Every structure is written in structure tokens, then in C-alpha cells.
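Here is how the chains run, residue by residue.
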Amino acid sequence: MGSTRNTFRTRTPSTRRTRGTHTFRTTLVGIAIGSLALTLTACGGDDDNGTSDGSGDKTPASSVKLPKLNGKSVEIAAVWTGDEQKNFKQVLTEFEKRTGAKVTFVPAQDPIINFLGSKVAGGAPPDVAMLPQPGAIKQAVDKKWAKPLGKDAEAQLAKNYSQGWQDLGKVDGKQYGAYYKAANKSLVWYNTKVFENAAAKEPKTWKELLSTSQAIYDSGVTPFSVGGADGWPLTDWFENIYLSQAGPEKYDQLAKHEIKWTDPSVKDALTTLAQLWGKKDFLAGGNKGAVQTEFTKSVEQTFTGGDQPKGAMVYEGDFAQVNIQQTKAKVGTDAKVFPFPAVGSGDKPVVSGGDAAVILKDSEAAQALVTWLASPEAATIQAKLGGYLSPNKNVDLASYPNAVQREIAKALVGAGDDFRFDMSDQMPQAFGGTPGKGEWKALQDFLMNPKDIAGAQKALEAEAAKAFKD
């Protein structure tokens, strides 16, 4: 996950079954996203529950009742920055208009659980916090910070979300989180001009990805831009390969540390990853440059420089569109996307992430805000602004600003309960979600030295064993 966290490590999509969270089916569904180009027709929702606002999509009929909160104030904390924060504030502004409450956005540092700990210790926690991991929700409950959601919020979740997304926000059967934002984290974005010049086609398998990379390199452009400085994109790389190659059962076992990181399946995944990371000429700036490149830069440098960018492709979720928008490239023409390729005989992976609203200070205003965020009206506001994906199944797909985003959203919602949540976000934060430590640091070291597979496994297992013991 996550989440720049532009931000899912979510990021941003089964959870630890031993921790009271939902047990997902072990059958992996390979969702065919297909070629996500402008030739795709705009897809609308199936339910005609709204009226046209003149922009070609539908404004949902009011499906959420909110109380009058004149004179009340509420704080909500999230790690979101830039356009992501700006767009979310528009959702909060609409809540203010509907209720009369005053909402203050509190910028949080990553990892947010540590930020919240300092706020709680100081006696001034925010009313609501956006947590990017099921593990973080569990921590907040264990520390007695989190408060259960009320019946109005639960009603919105029951009406608008699949059971899987509802259960991700539960701890010991109680609903504590409402997932407002999601991510399809099984995507590779590419510079179309480079692909055209290299006569390259969208690969469907890992073997084809390596061949495509070679063709692009032969055309004079470095194949991949990798954002290794943040650490979390590297965990997402690993998870997609591992899920496809080892399968969902092993994925669930590793997520719960029921098998060790020294397991042969981890060796296989790292060996596969090294086929790409081990070729320094395939990485923008080489291995050293990749580990010093922040995620935002890794995206932006793929879509600047015309047909001579620093990298032709960049792996990450749908939220990369926010960063693409910082360049002159247009999603659907200059920037296109293909599903993360299937590895070996496995299916294409479907990894997702998300950010959930959790109440830390129970009040009528806090409950109303989470109820609002669980509604299709709230999600529709941000969907129209781009760079956002909602797990809310009642958001009209026509609300998304381009065909690429509509198809990504359709695939996510169509997955129902058949997806795997970001593995690192399911693990203790000390291992799977802390900059410069645990899995992030071990994979950064592996990016610098992809030949040392045994060393990487040893480091990963040592850190995981320590984190799960704590």
C-alpha cells in the first residue's frame, strides 16, 4: 500500500484470518481488464438510481440521510497530499453544505498509526482517521482508540459494498472501518509513443514482458522506471509476482507468516523479480538510481520527454493517474495501461488496497462523516475528479473521467469478494509498512543487489519473525 500514498501500499487490494477479519475464498479470479485504450466505450452502471447532471453521467439520488450539525466541528486525518488531498477536501466541503458542520483536514505523516499514537498521547486525536491497512485498524482497536461504527454507517456499507469490503473493516465481528478509497494494484502503465516506435505490444505473460522490455531497450529507451526510494512499490512488485506464481493459498499463508520467507516459493518469486531488476540497463538510472527514485518521480519521468522518456513503463495502481496528470501526457492516448502479466502457469494477479475511515472520537458528527463517506454521493464527487477508485458498487461508472478509469473501476467492483488485499498491509506495520525498516528495507537492498536471493530471504524472515512476535 501505500498509499505518496497516492497512496496505497493500497496500498492500495484476504486479510489475517486469525485476527477476526474476513476469510476470502482461495480461488483466484483473473479479471480480464483487457486493452484499456480510448477505443473502450464508456461504461455506465446497471442501476438507474439518479438523474443526469448534463455532463453525460448520473448524479445519484440522495441515498444518505445526514443530521443537521450546525455549530459542530470534526477533524479527519489522512496522509494524502497534493491533488489527492485537494480533491478529498471537495468531498468534505459537500458534507459541510449538507450538515452545517465544520470539517478540518489534518495532514498526517506516514506511517499514520505512529502519528495517531502521538496525538492520542497528547490528548488530541482527530475525530476520524483514514487508515490504509487492516492491520492498522486492528492496532487501533487493540489500543482502544477505535470506536465501532453506528447503524447509519453500517446501513450504507451493507447497501453499497460487497461483503468482502465490509469485512475488511471488521475486527472480531464488529464494524470499525468504512473503506472509502480502493486501488487496483495489478497494473502497468506505459508511454504509447515508445511502444509504437518499438513496435511493442501489451504483454500478457511475464515472459512476454521481458521480451517487450528487450524490444524497447533495443529501440533506444530504458524499459522501466521503478520507484524504489519509497519502499512500498517494491512490496507491490513482489506481491503480484508471488500471487500469480505461488497462488492464493500460499499468498494467504505468507501474509499470516504461517510459512517463512525462506520458503522455496519466496525464492521462486525473487528469482523471477531478479530477471528484471537484475538487468541494470532495464531500469531508469540503473539499480542505484531506481532505489533513489521516489514513486511520484518514477511515474512522471515515464511520461515526460516525449518518445524519449527516462523509462517506458512504470508499475503501480490506478492512483498513478494523479501523477500522470502532473505531466502533459493524457491518460488513454499518451498513457495507457495493461494488467500485470501472469507469471509461469499462474493467473493474472488481482491485488487491491484501500483506505478506511475509522472513528477515534465518537460523536454524532464523526458518525455522520463516516456515513457520508460510505455513500455513493461522496465517492462520486471524487470519482469525477480523477485519480481515485471507489469500492462502492453503487457509484455510476460513468462518473469516472475517462475510459481507462471506468474499466479499472469496473474490474475492481466486478471482482466482488474474489481479490487479495495488499500483503504488506495485512502484516504488522513494523514489517510491512515502515519506511527504512522491515520488508521495505529488505526489498530496497534486494533491488540494489538482485543476485543475493538467499540474503534477501534471510533478511525478510528475520524482520518478519521479529514483527510477528512483537
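Residues numbered from 1 in each chain as written. Predicted model: local features only at pLDDT ≥ 70, side-chain atom pairs only at ≥ 80, totals over all residues. Heavy atoms only, no water.

Regarding its fold elements, the chain presents 20 helices and 13 strands. Counting only residues that meet the buried cut, the chain has 61% of its 470 residues in that class. When the accessible surface of the chain is totalled, it reaches about 17300 Å², and 48% of it is carbon and sulfur. (Helix = DSSP H or I, 4+ residues; strand = E, 2+ residues; numbered from the N terminus. Buried < 20%, exposed > 50% of the residue type's maximum accessible area, 1.4 Å probe, protein only. Areas by Shrake-Rupley, 256 points an atom, 1.4 Å probe, with all protein chains shown as cover.)

Bringing the sheet that holds strand 11 (residues 335–339) into the picture now. With antiparallel pairing, three strands are arranged side by side in an open sheet as 10-9-11. This sheet does not close on itself; its edge strands, each paired only once, are strand 10 (313–315) and strand 11. Ignoring strand direction, the axes of neighbouring strands in this sheet form an average angle of 25°. Across five bridges, strand 9 (residues 187–191) lies against strand 11 in antiparallel orientation. Note that in strand 11 the partner of Asn 191 across the bridge is Ala 335. (Pairing = 2+ DSSP bridges. Axes fitted to C-alpha atoms, helices over the stretch in contact; angles between N-to-C directions.)

Attention shifts here to the confidence of the model for the chain. A residue-level look at the chain finds 87% of positions with pLDDT of 70 or above and a mean pLDDT of 87. Throughout residues 1–60 the model reports pLDDT below 50, and contacts reaching past four residues in sequence, or to other chains, amount to 221 contacts. (pLDDT = per-residue confidence, 0-100. Contact = heavy atoms within 4.5 Å.)

Moving on to the environment of Gly 100. The topology assignment puts Gly 100 in the loop between helix 1 (82–99) and strand 4 (102–107). Gly 100 sits 28 residues away from Lys 72 along the chain, and the two C-alpha atoms are 7.7 Å apart. Other than its neighbours up to four places away in sequence, Gly 100 contacts Leu 69, Asn 70, Gly 71 and Phe 95.

On to the packing of helix 8 (residues 232–246) against helix 19 (residues 438–448), then. At a closest axis distance of 8 Å, the pairing of helix 8 and helix 19 adopts a crossing angle of 80°. Judged by the inter-axis angle, helix 8 sits roughly perpendicular to helix 19. Counting all contacts with helix 8, which are made through Trp 232, Leu 234, Thr 235 and Phe 238, the residues of helix 19 involved are Glu 439, Trp 440, Leu 443, Gln 444 and Leu 447. Split by residue class, the contact of helix 8 with helix 19 holds six nonpolar, two polar and one charged. (Parallel < 35°, antiparallel > 145°, perpendicular 65-115°, else oblique. Nonpolar A, V, L, I, M, F, W, Y, C, P; charged D, E, K, R; others polar.)

Side chains of nonpolar character tend, in soluble globular proteins, to be buried together. One finds Trp 189 and Leu 373 to be the most contacted residues of the largest nonpolar core, which totals 88 residues. Top contributing element to this core by residue count: helix 14 (residues 364–373), with seven residues. Among the nonpolar cores identified, the runner-up in size contains 53 residues, and Ala 198, Leu 243, Leu 443 and Ala 467 belong to it. (Core = buried A, V, L, I, M, F, W, Y, C linked by side-chain atoms within 4.5 Å.)

Along the chain, Ile 76 falls in strand 3 (residues 73–78). A C-alpha to C-alpha distance of 5.4 Å links Ile 76 and Ala 129, two positions 53 residues apart in sequence. Discounting chain neighbours no more than four positions away, the residues touching Ile 76 are Phe 88, Leu 92, Val 103, Thr 104, Phe 105, Val 106, Val 128, Met 130, Leu 369 and Leu 373.

This part covers the packing of aromatic side chains. One pass over the full model with this rule turns up 23 aromatic pairs. With a centroid separation of 6.2 Å and 70° between ring planes, the pair formed by Phe 88 and Phe 105 is classed as edge-to-face. With Phe 88 in helix 1 and Phe 105 in strand 4, this pair connects stretches of sequence that are 17 residues apart. Just as Phe 88 is buried, Phe 105 falls in that class too. Aromatic rings pair up to connect Trp 206, Phe 224, Trp 237, Trp 277, Tyr 315, Phe 340 and Phe 446 into one cluster. (Phe/Tyr/Trp six-rings, centres within 6.5 Å; stacked < 30°, edge-to-face > 60°.)

Let's shift gears to the pattern of salt bridges. All told, the structure shown has twelve salt bridges when counted by the stated rule. Between Asp 422 and Lys 185 there is a salt bridge whose closest N-O contact spans 2.8 Å. In this pair, Asp 422 sits in the loop between strand 13 (420–421) and helix 17 (423–426) while Lys 185 sits in the loop between strand 8 (177–184) and strand 9, placing the two residues 237 residues apart along the sequence. There is no split in this pair, since Asp 422 and Lys 185 are both buried. (Salt bridge = Lys/Arg side-chain N within 4 Å of Asp/Glu carboxyl O.)

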